[in-house]
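# Analysis of the macromolecular model
The chain contents come next:
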Amino acid sequence: MKKVLFHSLTIPPDNVSTGMLVGEIAAGFKKQNVEVEVLASTPQYNVLNNEFTTITKINKNYSESEYKNVRIVHINSKKKSHKEGKRIFQWAHFHYYSLLFLYKSRNDYEQIFIFSYPPTMNIVSLFVKKVLKLKVNYSVWELYPEIASELKLFNLPILISIFKKLDTYSMKNTDNLIVNSPELKEYLIDKRKLSNKNINVITHFSPYEISSKLPNLQLKKMFYAGNLGKPQNLEKFIQTMLDNNIDWMLDIYGAGTEYEKIKDYENDNITLNSHISRQELITNVSDLPVAVVSLDSRITVEGFPGKTFDYLSMNKILLSVSNKDSAVAQFINKHNLGINIELDSKKSFLDAFEKLASLEYLKQTISNIKKVNENQISKSKIINDYFELL
């Protein structure tokens, strides 16, 4: 019997929530008696050494491991570089050996689930569909051409335009296109002229257990954990905090291209820490009531911070710093999971912290978070949504 393959850049034992999410979906398939395997990179971030099977080297290009009885084939790769030029070469190396593996193993699989980071995964999706003639389920979490254009990450508009057309063509040539918000689906239909018929909205979830511990709602302390890059634009939030003399403390955990810039803002109330394991993070922030979700205001539906769901699993009230029309702001407001701040509005900023001073508001928000964790973004529900695409 032919197998199902999951293809992602990251996977356990990589200590990153997106890789853990893919691992949990694959493990969920395995529990439902689906023969599933994973093709991914060797760890790009930090390794959870004490929880997972050791990675065993097959040859100079590939290794293997196992996660919850799911076999994983790893493409031997260096850790993620935060320099854009080096990262592109890392992607090229990763794709070369992934395409080689897929071609050689084309008769072993009946369909493939592809998860969209890096942005060049669209090439893999096309290769699988057009060359290998296999069923493709392509899960798109961000629209990289739009993000690159909005944030002016590359001064090559023609190249971005070509890549966007390739991206759209790839999406049109999938059996199932999976997006993480209704807003992104509407955008693709309206702006990219995709058909409604094969676009499935499946939200993210936290791959971790829901915490039973509640935070200390009396503490005036918040934290941010995740990427410190240009799309997050955390620096502007910090500047606005300082300009308005906000008397909350902020703990930051992460790594990225903007790390050194943010380091300049450290003071008695703002601390910057490098990326740590999730267990260490939980220990450090267990009492903190508020978690910060930061997204550059120029991004609306093009990106949805996956860390949002990890925060919810920790029972944290969300302080979103993003465009009011962004998918993450819409999600938070719809379910009353916290507050969205627009940094260009001083009133919006000050009103948010006035709300956070209300114990009644905080208690009600925690209650809303519990309901959403149980009913809207439960792991079993989302895994079943993916399972129904088989």
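You'll find the structure just up there.
Quick summary incoming for the structure in this document. Just so it is clear, the model here is predicted, and its values are computed rather than measured.

It is worth spelling out helix α7 (residues 234-243) at this point. Along an α-helix, residues three or four positions apart point the same way, because every turn accommodates 3.6 residues. Looking at α7, one finds that the buried residues are Leu234, Glu235, Phe237, Ile238, Thr240 and Met241. The first or second residue beyond α7 is Asn245, which carries a positive phi of 50 degrees.

This paragraph deals with the environment of Ile262. Note that Ile262 resides in helix α8 (residues 259-263). Relative accessible area serves as the criterion here: at 2%, Ile262 is assigned to the buried category. Note: C-alpha distance between Ile262 and Lys236 (26 residues apart in sequence) is 9.7 Å.

Right, let's talk about unusual backbone geometry for a bit. Of note, the amide linkage connecting Pro12 to Pro13 takes the cis form, showing an omega dihedral of 15 degrees. Within the secondary structure layout, Pro13 lies in the loop between β1 (3-7) and α1 (17-31). The omega torsion across Tyr117 and Pro118 is 5 degrees, close enough to zero to call that bond cis. Although it is not a glycine, Lys133 sits at a positive phi angle of roughly 60 degrees. Tracing the backbone shows Lys133 in the loop between α3 (121-131) and β7 (135-140). The backbone phi angle of Asn336 is positive, close to 55 degrees, even though this residue is not glycine.

This paragraph deals with the nonpolar core. Counting 59 residues, the largest nonpolar core has Met222, Phe237, Ile252, Leu319, Phe353 and Leu356 as the members making the most contacts within it. A total of five residues in this core trace back to one element, the largest contributor, which is helix α13 (residues 359-375). Apart from residues no more than four positions distant in its own chain, Met222 is found in contact with Phe237, Met241, Trp248, Met249, Leu250, Asp251, Leu288, Val290, Val292, Leu319 and Phe353.

As summarised here, the arrangement of the six strands in space is β12-β11-β10-β13-β14-β15, forming an open sheet in which the pairing is parallel. Each edge of the open sheet is held by one strand with a lone partner, namely β12 (270-273) and β15 (338-341). Going from strand to strand, the sheet's axes swing by 20 degrees on average, the running direction of each strand aside. Of the strands in this sheet, β13 (290-294), β14 (317-321) and β15 touch helix α11 (residues 327-335), which is tilted by about 145 degrees from β15.

With that out of the way, let us pick up the packing of α3 against helix α5 (residues 157-172). Relative orientation of the contacting elements α3 and α5 amounts to 40 degrees, with a least axis distance of 9 Å. One finds that α3 runs oblique with respect to α5. In this structure, α3 crosses over α5, and the sense of that crossing is left-handed. Between α3 and α5, the contacting residues are Asn122, Ile123, Ser125, Leu126 and Lys130 on the first element and Phe163, Leu166, Asp167, Tyr169 and Ser170 on the second. Looking at the contact of α3 with α5 residue by residue, the class counts come to five nonpolar, three polar and two charged.

Here we come to the environment of Gly226. Its place among the elements puts Gly226 in strand β10 (residues 221-227). Once the C-alpha coordinates of Gly226 and Asp325 are considered, the two residues, 99 residues apart in sequence, prove to be 22 Å apart. Those residues within four positions of Gly226 in sequence are excluded, and the remaining contacts are Tyr253, Gly254 and Ala255.

The strand order across the open sheet formed by nine strands is β3-β4-β5-β2-β1-β6-β7-β8-β9, and the pairing between neighbours is mixed. Only two strands of the sheet have a single neighbouring strand rather than two, namely β3 (56-57) and β9 (199-201). Those strands touched by helix α6 (residues 182-191) are β7, β8 (176-179) and β9, and its axis lies near 160 degrees from that of β9.

Time to look at the packing of aromatic side chains. Considering all chains together, one arrives at 20 aromatic pairs under this definition. With a centroid separation of 4.9 Å and an interplanar angle of 90 degrees, the aromatic rings of Tyr96 and Tyr97 are classed as edge-to-face. The class for Tyr97 is buried, based on a relative accessible area of 17%. Their ring planes at 45 degrees and their centres at 5.3 Å tell us that Phe349 and Phe353 sit as a pair that is tilted. Residue Phe349 and its partner Phe353 are located together in helix α12 (residues 346-355), separated by four residues, close to a single helical turn. Overall, Phe353 belongs to the buried group, its relative accessible area being 8%. What links up through ring pairs into an aromatic cluster is the set Phe6, Phe29, Phe113, Phe115, Trp141, Tyr386 and Phe387. Across the ring face of Tyr103, the terminal group of Arg106 is positioned such that the distance to the ring centre comes to 4.1 Å. Cation over ring: Arg278 sits above Tyr208, and NZ or CZ is 3.8 Å from the ring centre.

Moving on, we get to a nonpolar patch on the surface. Together, Ile88, Phe154, Leu156 and Leu159 give the surface a local cluster of nonpolar side chains, amounting to about 380 Å² of exposed area. For Leu159, the location among the structural elements is in helix α5.

This part covers the pattern of salt bridges. In the structure shown here, the tally under the stated rule is 21 salt bridges. Its salt-bridge partner being Glu37, residue Lys3 comes within 3.2 Å of it at the nearest N-O pair. Here Lys3, found in strand β1, pairs with Glu37, found in strand β2 (residues 36-41); they are 34 residues apart in sequence, far enough to count as distant. Between Asp344 and Lys236 there is a salt bridge, with its nearest N and O atoms 3.0 Å apart. Residue Asp344 is found in the loop between β15 and α12, and its partner Lys236 is found in helix α7; the two are separated by 108 residues along the sequence. Note on Lys236: relative accessible area 29%, which makes it partly exposed. One network of salt bridges, with partners in common, ties together Lys3, Glu37, Glu64 and Arg71.

Procedures and definitions
Residues numbered from 1 in each chain as written. Predicted model: local features only at pLDDT ≥ 70, side-chain atom pairs only at ≥ 80, totals over all residues. Heavy atoms only, no water. Buried < 20%, exposed > 50% of the residue type's maximum accessible area, 1.4 Å probe, protein only. Helix = DSSP H or I, 4+ residues; strand = E, 2+ residues; numbered from the N terminus. Core = buried A, V, L, I, M, F, W, Y, C linked by side-chain atoms within 4.5 Å. Contact = heavy atoms within 4.5 Å. Pairing = 2+ DSSP bridges. Axes fitted to C-alpha atoms, helices over the stretch in contact; angles between N-to-C directions. Parallel < 35°, antiparallel > 145°, perpendicular 65-115°, else oblique. Left-handed = near helix turned anticlockwise from the far one by under 90°. Nonpolar A, V, L, I, M, F, W, Y, C, P; charged D, E, K, R; others polar. Phe/Tyr/Trp six-rings, centres within 6.5 Å; stacked < 30°, edge-to-face > 60°. Lys NZ or Arg CZ within 6 Å of the ring centre and 35° of its normal. Patch = residues over 30% accessible without salt bridge, like charges linked within 9 Å, V, L, I, M, F, W, Y side chains within 5 Å. Areas by Shrake-Rupley, 256 points an atom, 1.4 Å probe, with all protein chains shown as cover. Salt bridge = Lys/Arg side-chain N within 4 Å of Asp/Glu carboxyl O.

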